[in-house]
Amino acid sequence: MDDQAIIELFWQRSEDALAEVSARFGRYCRTIAVNILHSVEDADECVSDTWLRAWNAMPPARPNKLAAFLGRITRNLALDRYEAMRAQKRGGGEMELALEELADLAAPEKAGEGEISHAINAFLRSEAPEHRNIFLKRYLCLYSIKEIAAEYGYSESKVKSLLLRVRNRLKIELESEGLL
Amino acid sequence: MKSSMKTMRAIGNIDDDMFEEAASLSAAGVRRKERRITLAPWMKWAAPVAACLVIAVAAAVPQLMGPPPAADGDAGGYGAGAGTPNAGQDPNGLIAARLDTIRGLPAEDYTWDEGSIPAEAEFGRMPTNELRYLMREFGDRNNRGVLASFAIVKVESTKPIKLDSVFGDEGQLATCGVMYDVLGDSVGQELKIEQNLYGGCTGEDETNLLREGGVYVLSLLSQEGQDHWTVYGDLDGLFEVDGQGLIHSHSRYPGMSKYDGRPLSELWADIEYLYARPLYHSWLAEEIGYGMDIEFVNEDGQDVVHLYEPTHGWDVADSEAFAALVVNDVITIPAGAPAYNHFRPFAGMTKGEFLSAIEDIKAFLGQEGDDRNAP
């Protein structure tokens, strides 16, 4: 069943929609959540909440790309939960490491998330596809360096080095935009 | 960190097409992992091994050995007479005796100087100072669509190659014969090993490159579909067998250099011991090394095992319970427990067997506490 057919089920308020997204996107959303939360149980709750959010959002939403739509919901829910866990001194895992890696790109309080998103979006468009994807696998999907290295057949050192270079270029870009 | 989180959130707002592009790659990765789990060679015998561990661990006999070597290094005929894969144990020491007939090239005693690694590459290097940490990497990797193995190889020929790598352009492709491997399914086969040159590793002429005619015990990785292997950690998983059949690790880490001057059979027995238990033994060894704590408590009228994992690796005080396994007559995995492979082999063990396994590993390690950062 393609994206539009699934979205149509949501619009018809058919519970088959939930079964379809669970079957098609369940593992994908769960992976995103596990990578952020480092906890299968918390991730599963995030994924369940994702279906609920999607159910409440469609209609009126009619996303063009369901994977991005659902993945973004899961990611935001997982980030919310991660911040709550951090407050309780839980957390750890790849998220902690990824945040440390992004420390040089830490935005000041006054910078708006929308402005930063816009600048990152434009920057990533200008990057080579492979560099962009490796960057996104790390900081969007929160895959470990090891997993990315295995995926691309690179050494972990090469992946780290590549990420460092992309981050450095992004830093220059954000600085030039006055966002750092 | 708060503003890093803002950046992290901002990354999530990229355009749909880029999000989907990254997502589709992730999905592909997951599919590959699953296929690999199905086909991973060790999985074929993991279940019986797990079952046997109940007995084997309690007996605390760390001598699981693979097949006899195909031939000794002097003969150079590594492919001849390959034995049955994983033929069993070595109660009479016959296999160990045969391993100790293997001879390599005369070797010098020198120590790798990591300072010679390019700074850019050093940035990402995590030195491995204990065999068990190498095994943990293998356990993880086998779950990620990567082929991983330990093997004793004899180098047949080498040729220089150019590489596009952060470690530099200079490299070597070595054609090797497998004399022995932990899975026992590659004995007699030929494989290609690609290495980057770490020039002047010792400040003299020695390099990390395999030498023609040399015999090595290597930790090897390969991607599915890739036509060559790499030495994992390179400077770490690179044991040389000398002309007398003795080991040279060239490592500055005591956990690796303790094999220096020892017979090949001793190193190989430890490799087999750890590698043969990918589902939990090497994992436990790692966690115990990190300071994992185990506690039996009574909850709601039933015994429960709590495993405490140090949150940040080595700080026991900062640990948290991350698994609770129910003990009735035997350990069971409760519904909803984390579905990590690591826990599954505990199922079916009695409390006594479980504790024996822990003590067995502690005895093997000979120490507790994390020493990864030790030089």
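Residues numbered from 1 in each chain as written. Chains lettered and ligands numbered in written order. Predicted model: local features only at pLDDT ≥ 70, side-chain atom pairs only at ≥ 80, totals over all residues. Heavy atoms only, no water.

Undergrad: If you had to explain the overall build of chain A to someone new, which residues and values would you point to?
TA: Within chain A one finds nine helices and zero strands. Starting at the N terminus and walking to the C terminus, you meet the elements of chain A as α-α-α-α-α-α-α-α-α. When contacts within chain A are restricted to residue pairs at least 6 apart in sequence, long-range pairs at least 24 apart make up 64% of them. For chain A, the exposed area adds up to about 7800 Å²; of that, 48% sits on carbon and sulfur atoms. (Helix = DSSP H or I, 4+ residues; strand = E, 2+ residues; numbered from the N terminus. Contact = heavy atoms within 4.5 Å. Areas by Shrake-Rupley, 256 points an atom, 1.4 Å probe, with all protein chains shown as cover.)

Undergrad: If you had to explain helix α7 (residues 129-139) of chain A to someone new, which residues and values would you point to?
TA: In terms of residue burial, α7(A) counts as a mostly covered element, since eight of its 11 residues are buried. Taken as a whole, α7(A) has its buried residues at Arg132(A), Asn133(A), Ile134(A), Phe135(A), Leu136(A), Lys137(A), Arg138(A) and Tyr139(A). (Buried < 20%, exposed > 50% of the residue type's maximum accessible area, 1.4 Å probe, protein only.)

Undergrad: Summarise the packing of helix α2 (residues 16-37) of chain A against helix α3 (residues 40-57) of chain A; cite the residues concerned and give the values.
TA: Residue and element names in this part refer to chain A. Running from N to C, α2 and α3 point in directions that differ by 135°, and their axes come no closer than 8 Å. When the interaxial angle is binned, α2 and α3 end up oblique. Crossing of α2 over α3 shows right-handed handedness. Touching Leu-18, Val-21, Ser-22, Phe-25, Gly-26, Cys-29, Arg-30, Ala-33, Val-34 and Leu-37 of α2 are Val-40, Asp-42, Ala-43, Asp-44, Cys-46, Val-47, Trp-51 and Trp-55, all from α3. When the residues that make up the contact of α2 with α3 are grouped by side-chain class, the tally is 13 nonpolar, two polar and three charged. (Axes fitted to C-alpha atoms, helices over the stretch in contact; angles between N-to-C directions. Parallel < 35°, antiparallel > 145°, perpendicular 65-115°, else oblique. Left-handed = near helix turned anticlockwise from the far one by under 90°. Nonpolar A, V, L, I, M, F, W, Y, C, P; charged D, E, K, R; others polar.)

Undergrad: Would you mind going over the packing of aromatic side chains in detail, with residue names and values included?
TA: Both the distance between ring centres and the angle between the ring planes are used here to describe each pair of aromatic rings. Throughout the structure, instances matching the rule amount to five aromatic pairs over all chains. Relative to Tyr259(B), the ring of Phe239(B) has its centre 6.1 Å away and its plane inclined at 90°; by these criteria the two rings are edge-to-face. Of this pair, Phe239(B) sits in strand β8 (residues 238-241) while Tyr259(B) sits in the loop between α7 (254-257) and α8 (264-275), placing them 20 residues apart in sequence. The buried category is assigned to Phe239(B), whose relative accessible area is 0%. Taking relative accessible area as the criterion, Tyr259(B) reaches 5% and is therefore assigned buried. For Lys137(A), the ring lying beneath its charged end belongs to Tyr143(A), and the centroid distance is 4.4 Å. (Phe/Tyr/Trp six-rings, centres within 6.5 Å; stacked < 30°, edge-to-face > 60°. Lys NZ or Arg CZ within 6 Å of the ring centre and 35° of its normal.)

Undergrad: Requested: an account of the pairing of strand β6 (residues 215-223) of chain B, with residues and values cited.
TA: Residues and elements named next belong to chain B. For β6, a buried count of nine out of nine residues is recorded, marking the element as mostly surrounded by other parts of the structure. Sheet topology note: the β6/β8 ladder contains four bridges and is antiparallel. When the bridges of β8 are listed, Val-217 appears paired with Phe-239. The sheet contact formed by β6 and strand β7 (residues 229-231) spans two bridges and is antiparallel. By the bridge assignment for β7, Leu-221 is matched with Thr-230. (Pairing = 2+ DSSP bridges.)

Undergrad: Can you tell me about unusual backbone geometry, naming the residues and giving the values?
TA: Residues and elements named next belong to chain A. The amide bond that connects Met-58 to the next residue, Pro-59, takes the cis arrangement and shows omega of -10°. Checked against the element boundaries, Pro-59 lands in the loop between α3 and α4 (66-87). The amide bond that connects Pro-59 to the next residue, Pro-60, takes the cis arrangement and shows omega of 15°. Inspection of the secondary structure puts Pro-60 in the loop between α3 and α4. For Arg-13, which is not glycine, the phi dihedral falls at a positive 60°. Position of Arg-13 relative to the elements: it lies in the loop between α1 (3-11) and α2. Judged by relative accessible area, which is 37%, Arg-13 ranks as partly exposed.

All quantities given are derived from atomic positions and should not be read as evidence of function.
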